[in-house]
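# Residue-level structural notes
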Amino acid sequence: MAVINYAQKVINFKVVYYGPGLAGKTANLQHIHNSLPDGSKGKLISLAAGDDRTLFFDFLPVSALTVRGFTAKFQLYTVPGQLYYNMTRKLVLRGADGMVFVADSQWDRLRENVESFRNLEENLREYKTSLDDMPYVIQYNKRDLSNIAPLEYMEFLLNRRARRVPSFEATAVNGDGVFDTLNTVSRMVLVGEFSQEKGEHCETA
Amino acid sequence: MRLHDVVIHEGDAEKINAVLTTFLGESGATEALLIDRSGQLLAATGANRALDTVSISALAAGAFSSTGALARLLGEEEFTVLFHQGNKESIHVSTVDDQAILLAIFGGQTTVGMVRLFAKEAATAIGQILTESRAKPRSMGDLSTPLTVDESRTTFGEPTKP
């Protein structure tokens, strides 16, 4: 759910990076944070455990363009990927306007990707929403490694819903594909917010 | 519960700020933040120091929702107050309604009891304003028509070169 502030002329959106543990969700936010100029980003906050794995979430606020006099701001979150952190994952999902599913392309991680995707669908159901209503993109990360599944197979596993969504190959640690992903999901969120269909669904806040 | 957009119209923003200002005066707190439970800042009033209110909002909403999950594990519906005590400054977070929370920052010039007392009153008043606000149309004026292709070109950084 977006927060539209007519007094401050700001529209805030929440975009959540979802996916299995060690897929590179935090690496995406770190690259975005390292690349953007100071004026268009806030602090990157990482709530991580001692081994640097995300415990609760990472958080990075970024600003995009001005739309009809309103500044569009996006708050980027990651969830903890490990299976047993599902309760905290659900909390972070609350109010998401868009999603990036970050998949690990390695053969031996394919099962974790599928489980995480199913887990995302289940958790969205608890908020009475689904990927059918939510702008999202898929990022196939770690494409620089040698033991990776072909792109077509990744698509077959993860991008097989009735609505095919944009997907990107990425190597988040060195930035490849990170901004293609962010630019696309933010555009989808923005267009969805202003679409006639959403206007009718959300006539009242 | 499916979540809908939160819309703060100019008139609502003025009313909320007036309630928060009164709350600060009565409670002795230095800053008050109205925060959506998904982590987004709705309104802020208080001392003019450079606080990172965006980060504070995300972290407070996370802490409060985590506390709520703890409550449900114990069979409670919710813990309605969260209190962090520091050496010089403390934070009091309390429920406004099922979509918003109120965060107050205060120092040694007042007590948690005073903050808690007046936070309850402020929460009731703000809850009413938010309820009225939710009954108004979501989009008005410039925001009521679909974006053109050019208007939706959000670009944060350079795309990867093929």
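Quantities reported herein were computed from a predicted structural model and do not represent experimental measurements. Along each chain, residues carry numbers from 1 onward, in the same order as the chain's sequence is written. Written order decides the labels, with chains lettered from A and ligands numbered from 1. Since the coordinates come from a predicted model, pLDDT governs what is reported: local features require at least 70, and pairs of side-chain atoms require 80 or more to be given and counted, while whole-chain, interface and lining totals use all residues.

## Thoughts on the overall build of chain A
Scanning chain A for helices and strands turns up six helices and eight strands. Ordered by position in the sequence, the α and β elements of chain A form the string β-β-α-β-β-β-α-β-α-β-α-β-α-α. For the radius of gyration, the atoms used are the C-alpha atoms, and the globule rule reads 2.2 Å times the number of residues raised to 0.38. Relative to the globule expectation of 17 Å for 205 residues, the C-alpha radius of gyration of chain A, 16 Å, shows essentially globular dimensions. Projected onto its principal axes, the C-alpha positions of chain A cover 50 × 40 × 30 Å. Exposed residues have 12 or fewer other C-beta atoms within 10 Å of their own C-beta, buried residues have 20 or more, and partly exposed residues fall in between, where C-beta atoms are placed from the backbone. Residues counted as buried form 50% of the 205 residues belonging to chain A. Long-range pairs, those at least 24 residues apart, make up 70% of the contacts in chain A between residues at least 6 apart in sequence. Note on conventions: DSSP H or I runs of at least 4 residues are helices, E runs of at least 2 residues are strands, and numbering of each starts at the N terminus. By the convention adopted here, residues make contact when the C-beta atoms placed from their backbones lie within 7 Å.

## What to know about the overall build of chain B
When helices and strands are tallied, chain B shows three helices and six strands. Sequence-ordered secondary structure for chain B, helices as α and strands as β, is β-α-β-β-α-β-β-β-α. Across its three principal axes, chain B shows a C-alpha extent of roughly 55 × 40 × 40 Å. Of all 162 residues assigned to chain B, the portion counted as buried reaches 38%. Considering only residue pairs separated by 6 or more positions, chain B has 52% of its internal contacts joining residues 24 or more positions apart.

## Some words on the environment of Arg163(A)
All names here are of chain A. Within the secondary structure, Arg 163 sits in the loop between α4 (151-158) and β8 (167-169). Residue class for Arg 163 comes out exposed when judged on the 8 C-beta atoms lying within 10 Å of it. Sequence spacing of Arg 163 and Asp 132 is 31 residues, and the spatial spacing of their C-alpha atoms is 7.5 Å.

## Remarks on helix α5 (residues 178-194) of chain A
One less than the residue count of a helix, multiplied by 1.5 Å, gives the span that helix is expected to have. Relative to the 24 Å expected for 17 residues at 1.5 Å per residue, α5(A) spans 25 Å between its end C-alpha atoms, a close match to the ideal helical length. The element α5(A) is largely enclosed, with a buried count of 14 among its 17 residues.

## Notes on the interface of chain B and chain A
On the chain A side, the residues contacting the 46 residues of chain B number 52 residues. Going through the elements one at a time, β1 (6-8), α1 (10-27), α2 (53-73) and α3 (112-134) of chain B are the ones with two or more residues in the side of chain B that touches chain A. The greatest single-element share of the side of chain B that touches chain A, amounting to eight residues, is contributed by α2(B). Two strands pair under a simple rule: DSSP has to find at least two bridges between them. Taken together, the three bridges between strand β1 (residues 3-5) of chain A and β1(B) define a ladder with parallel strand orientation.

## So, unusual backbone geometry
Note on backbone geometry: most residues besides glycine have negative phi, and most peptide bonds are trans. Residue and element names in this part refer to chain A. Positioned with a positive phi, Lys 9 is a non-glycine residue whose angle comes to about 55°. You can see Lys 9 is positioned in the loop between β1 and β2 (10-18). Under the C-beta neighbour-count criterion, Lys 9 is labelled partly exposed, with 14 such atoms within 10 Å.

## With respect to the pairing of strand β6 (residues 98-104) of chain A
Residue and element names in this part refer to chain A. Where burial is concerned, most of β6 is hidden: seven out of the seven residues are buried. Residue alternation in β6 divides its side chains into two sets, Gly 98, Val 100, Val 102 and Asp 104 and Met 99, Phe 101 and Ala 103, and both sets are buried. Pairing between β6 and strand β7 (residues 136-141): six bridges, direction parallel. The residue bridging Phe 101 from the neighbouring strand is Ile 138, located in β7. Read from β6 through helix α3 (residues 110-126) to β7, the crossover connection turns out right-handed. Look down the strands so they point away from you; if going from the first strand over the helix to the second traces a clockwise path, that crossover is right-handed.

## Concerning the confidence of the model for chain B
As a per-residue measure, pLDDT tells how confident the predictor is, with possible values from 0 to 100. Averaged over chain B, the pLDDT score is 90; the fraction of residues at 70 or greater is 92%. Model confidence for the complex: the whole-complex pTM is 0.91, and ipTM, which rates the interface, is 0.87.

## Description of the sheet that holds strand β3 (residues 41-46) of chain B
Residues and elements named next belong to chain B. With antiparallel pairing, five strands are arranged side by side in an open sheet as β3-β2-β6-β5-β4. Each of the sheet's edge strands pairs with one partner strand only, and the pair in question is β3 and β4 (81-85). Taken over all neighbouring pairs, the strand axes of this sheet differ in orientation by 10° on average, direction set aside. As paired elements, strand β2 (residues 31-36) and strand β6 (residues 100-106) share six bridges and run antiparallel to each other. Looking across to β6, one finds that Asp 36 is bridged to Ala 100. All axes here are fitted lines through C-alpha atoms, helices being fitted over the stretch that makes contact, and every angle between N-to-C directions spans 0 to 180 degrees. Strand contacts of α1: β2, β3 and β6, with the helix running at about 45° to β3, the strand carrying the most contacts. Each of β2, β3, β4, β5 (90-95) and β6 is contacted by α2, which is oriented at about 65° to β2, the strand it contacts most.

## Examining the confidence of the model for chain A
Per-chain confidence: chain A averages 91 in pLDDT, with 95% of residues scoring 70 or above. The low-confidence segment residues 199-205 of chain A (pLDDT under 50) makes 17 contacts with residues lying over four places distant or belonging to another chain.

## Considerations on helix α2 (residues 86-93) of chain A
Owing to its 3.6 residues per turn, the α-helix brings residues three or four apart onto one side. Among the residues making up α2(A), those that are buried are Thr88(A), Arg89(A), Leu91(A), Val92(A) and Leu93(A). Residues of α2(A) that are buried make contact with β2, β4 (54-67), β5 (70-78) and α3 of chain A together with α2 of chain B. Of the residues flanking the end of α2(A), it is Gly95(A), one or two places downstream, whose phi is positive at about 75°.

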